[in-house]
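# A look at the structure
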Amino acid sequence: MEVTKHNFSEAAPAFLSALEKCTLIGMDIECSGITSENPVQRTDTPMEYYYKILPVAVRFKIIQLGFSLFVPEGDSFEVHTFYFYLFPSTAGDKIAQNFGMEVSSIEFLKNCGTIDFNKWIKDGLASFPEHHRATLRNFIFEKKTVNLFEKLELKEEGAEPVKIHNDEERARMDSRIKDFEEWIKAPEEPFVIEEPRPFLLRYFIEQNNEMIKNKSRLILKDEKIGQMIRYTFTFVTEDSKKEAETQRKEKLEETYEAELGFSSLWEKMKVIWQEKKIPVVGHNSIVDLIFVTSQLEKQLPVNYFDAKSLISSVFPVFYDTKILASEIDLGNLSLSELHEKLFRNPESPIKTKFTFKYSENEVAYHNAGLDAQATGQVFLGLKEKVPHFEKFTNLVKIYTNKIFHINLAEKTKDHIISPDLLVLYPIVPQGAVKDDELIKLKNIAFDSVRNHNKLLEANNRVSEHRALFLLSNNKVYILELDKNDKAKDLLMKELEKKFDIVPLQTHYERVAKEFEEKVYGQTNSKYPFLTRL
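Here is a short report on the structure shown in this document. One numbering rule holds for all chains: residues counted from 1, following each sequence as written. Per-residue local features are limited, in this predicted model, to residues with pLDDT of at least 70; the limit for side-chain atom pairs, both in listing and counting, is 80 or more; totals at the level of whole chains, interfaces and linings are taken over all residues. With hydrogens and water excluded, all non-hydrogen atoms of the structure serve as input to the side-chain values.

## Considering the overall build of the chain
- Within the chain, the regular secondary structure consists of 18 helices and 18 strands.
- Accessible area is worked out with a 1.4 Å probe on protein chains only. A residue is then buried under 20% of its type maximum, exposed over 50%, and partly exposed in between. In the chain, buried positions account for 49% of the 533 residues. Each helix is a run of DSSP H or I of at least 4 residues and each strand a run of E of at least 2, with the numbering of both proceeding from the N terminus.

Below, the structure written as structure tokens:
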């Protein structure tokens, strides 16, 4: 179901109804850009990758957000698919927002034909992270709950009173002021005054200021009727005043909910999947998680470990289908290839027992809703074939990374893909390593581990974070040293002659310090929210 601001009021209840009954949620996004100005390397640690991708989630915005809800029916599932167009909103100039567009990403989506860009811009739903929601709420309630008489005070300090130079207008207003003086002595029916010019009403209020201020049960309603501005004064009982206040607050809540757009649904839906522990699945999905969390939940913190905790709190049970697929031999692990092999190719030897009833039946990859649907289906197929798939809960794939998965379940630890291999993090002073020294290190590495039938080569360059990596069979690995292994111990001793070998945790701390200094100009141990990217 395609959802814009025109059918959101009907779609939201249908979405929540299906969400309450579902046991699996597929999720996908399409966004206005994904490329980091600081190129992602296959050798990045999760922390380094996070620091590179965080500015991307600040700069670019979600265009489509898709959810596919799988409701069980025996061995079958009824699949309810929704994709929401989201477009940034200022909420009537209350919130400043801007975003970037990456030409290559927009061209790709345009060529796929799955995004209606006119609909996105014209009919996209507003959405706000927590700090913008707070700003919006304060604006609506603080601006509209001010006593209307406070903004109609006689004058600002030092300001001149309103003067009426037209004799006819002044006579008319003076007559209405006398009428008001008589009315306020016994205010049974409302007193109404209409004028086309705001300063005349200002004059009226100034002349009656003392009487108005001394009447706490006097209510003023101001409205525009055509070309006229109408003030209606009503004298009410205490109970009536409380009732009017309650009605006014309810109306303000409705105004706030309407301004929130998609965020009004987000606040409800996340609570359901969090309380019910419904698995959410994505494919190669760290970018999806960072975008959704930062743009719908709250600003992600600079501290990588705090960011993991925040993402995990939003998505307490998460699976990445690309990680699951890598556990069995399926060849190409792209979402479209996996979906074809598992579900759409009748000649495929890989079969699944599940059948589906669709709310959206068209298959068009790179539409957020239908990609979410395909992701959910692929997960169900892989779940049957990957032994002990539960051990991959909350592990998230890092794009192109051959060393790590991000582990959302462990705040200060991540998952090393191949834990049996050697990983070192020598910290190399920039410019300190010459080519001949690298060649020597390559020979040391080879000689040290040849008994293990593994050819390790020192990387022929120093990375931007000054970490020296060792290669095995053209793949890069970072692992803990086994002190009981003589060959590895020899290698470490040789490296320690030249370099400061540090544990991965220490490397994380150094990278974090460098990143903070780059962003803020100085180190801040409290890891403030990222506001300057």
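## Concerning the pairing of strand E4 (residues 76–85)
- Within E4, nine of the 10 residues are buried, which leaves it mostly tucked inside the rest of the structure.
- As judged from the two bridges shared by strand E1 (residues 2–3) and E4, these two strands associate in the parallel manner. Counted as the bridge partner of glutamate 2 is tyrosine 83 from E4.
- Across 10 bridges, strand E3 (residues 62–73) lies against E4 in antiparallel orientation. Of the residues in E4, the one forming a bridge with glutamine 64 is tyrosine 85. Two strands form a pair only when DSSP identifies at least two bridges running between them.

## Quick word on the pairing of strand E7 (residues 228–235)
- With five bridges joining them, strand E5 (residues 191–195) and E7 adopt antiparallel strand pairing. Among the inter-strand pairings, glutamate 195 is bridged to a residue of E7, identified as isoleucine 229.
- In terms of strand pairing, strand E6 (residues 218–225) meets E7 through eight bridges, oriented antiparallel. Each residue of the ladder has a partner; that of isoleucine 225, found in E7, is methionine 228.
- The antiparallel hairpin formed by E6 and E7 contains two residues in its connecting segment, where glycine 226 sits at a positive phi of about 65°.

## Quick word on helix H11 (residues 286–297)
- A helix is expected to span 1.5 Å multiplied by its residue count minus one. For H11, spanning 12 residues, the distance from its first C-alpha to its last is 16 Å, which sits close to the expected 16 Å at 1.5 Å a residue.
- Burial analysis of H11 places 12 of its 12 residues in the buried class, the great majority of the element.
- What H11 keeps buried is the set Ile286, Val287, Asp288, Leu289, Ile290, Phe291, Val292, Thr293, Ser294, Gln295, Leu296 and Glu297.

## Thoughts on the packing of H11 against helix H12 (residues 304–314)
- Axes here mean lines fitted to C-alpha atoms, for a helix over just the part in contact, with angles spanning 0 to 180 degrees between N-to-C directions. Interhelical geometry of H11 versus H12 gives an angle of 80° and a closest axis separation of 10 Å. As the angle between them shows, H11 and H12 are arranged roughly perpendicular. When H11 is examined against H12, the residues Leu289, Ile290, Thr293 and Glu297 are found in contact with a partner set consisting of Leu310, Ile311 and Val314.
- Three categories are distinguished: nonpolar for Ala, Val, Leu, Ile, Met, Phe, Trp, Tyr, Cys and Pro, charged for Asp, Glu, Lys and Arg, and polar for the others, with Gly belonging to the last. Of the residues that constitute the contact of H11 with H12, the class distribution is five nonpolar, one polar and one charged. Convention used here: angles under 35 degrees read as roughly parallel, angles over 145 as roughly antiparallel, angles from 65 to 115 as roughly perpendicular, and any remaining angle as oblique. Only heavy atoms matter for contacts: two residues are in contact if any of them lie within 4.5 Å across the pair.

## Remarks on the environment of threonine 412
- With respect to the helices and strands, threonine 412 occurs in the loop between strand E12 (404–407) and strand E13 (415–416).
- Taking relative accessible area as the criterion, threonine 412 reaches 45% and is therefore assigned partly exposed.

## Quick look at unusual backbone geometry
- Backbone geometry places alanine 91, a non-glycine residue, at a positive phi of 55°.
- As for its position among the elements, alanine 91 is in the loop between E4 and helix H3 (103–112).
- Alanine 91 sits in the buried class, given a relative accessible area of 1%.

## Here's the deal with the nonpolar core
- To qualify as a nonpolar core, a set must consist of buried Ala, Val, Leu, Ile, Met, Phe, Trp, Tyr and Cys residues joined through side-chain atoms within 4.5 Å. Counting residues in hydrophobic clusters, the biggest one holds 61 residues, and the most contacted among them are Phe15, Leu19, Phe67, Phe84, Phe262, Met269 and Phe315.
- Per element, the largest residue contribution to this core is eight residues, and it comes from helix H2 (residues 46–59).
- In this structure, phenylalanine 84 is in contact with Val3, Phe8, Phe15, Ile63, Gln64, Leu65, Phe67, Leu125, Phe262 and Leu265, ignoring residues within four places of it in sequence.
- Leu24, Val317, Leu333 and Leu335 belong to the second largest nonpolar core, which has 24 residues in total.

## Some points on the packing of helix H10 (residues 262–276) against H11
- The contact between H10 and H11 brings their axes to 11 Å, and the two run at 115°. Between H10 and H11, the interaxial angle falls into the category roughly perpendicular. Residues Phe262, Trp266 and Lys270 of H10 form the contact with H11, whose own contacting residues are Val292, Leu296 and Glu297.

## Topic: the pattern of salt bridges
- A carboxyl oxygen of Asp or Glu within 4 Å of a side-chain nitrogen of Lys or Arg is what we treat as a salt bridge. For the structure on display, the rule yields 17 salt bridges.
- A salt bridge links glutamate 169 to arginine 197; its shortest N-O distance comes to 2.8 Å. With glutamate 169 in helix H6 (residues 167–183) and arginine 197 in the loop between E5 and helix H7 (198–207), the pair connects residues that are 28 residues apart, well separated along the chain.
- Through salt bridges that share partners, Arg133, Glu267, Lys270 and Glu297 make up one connected network.

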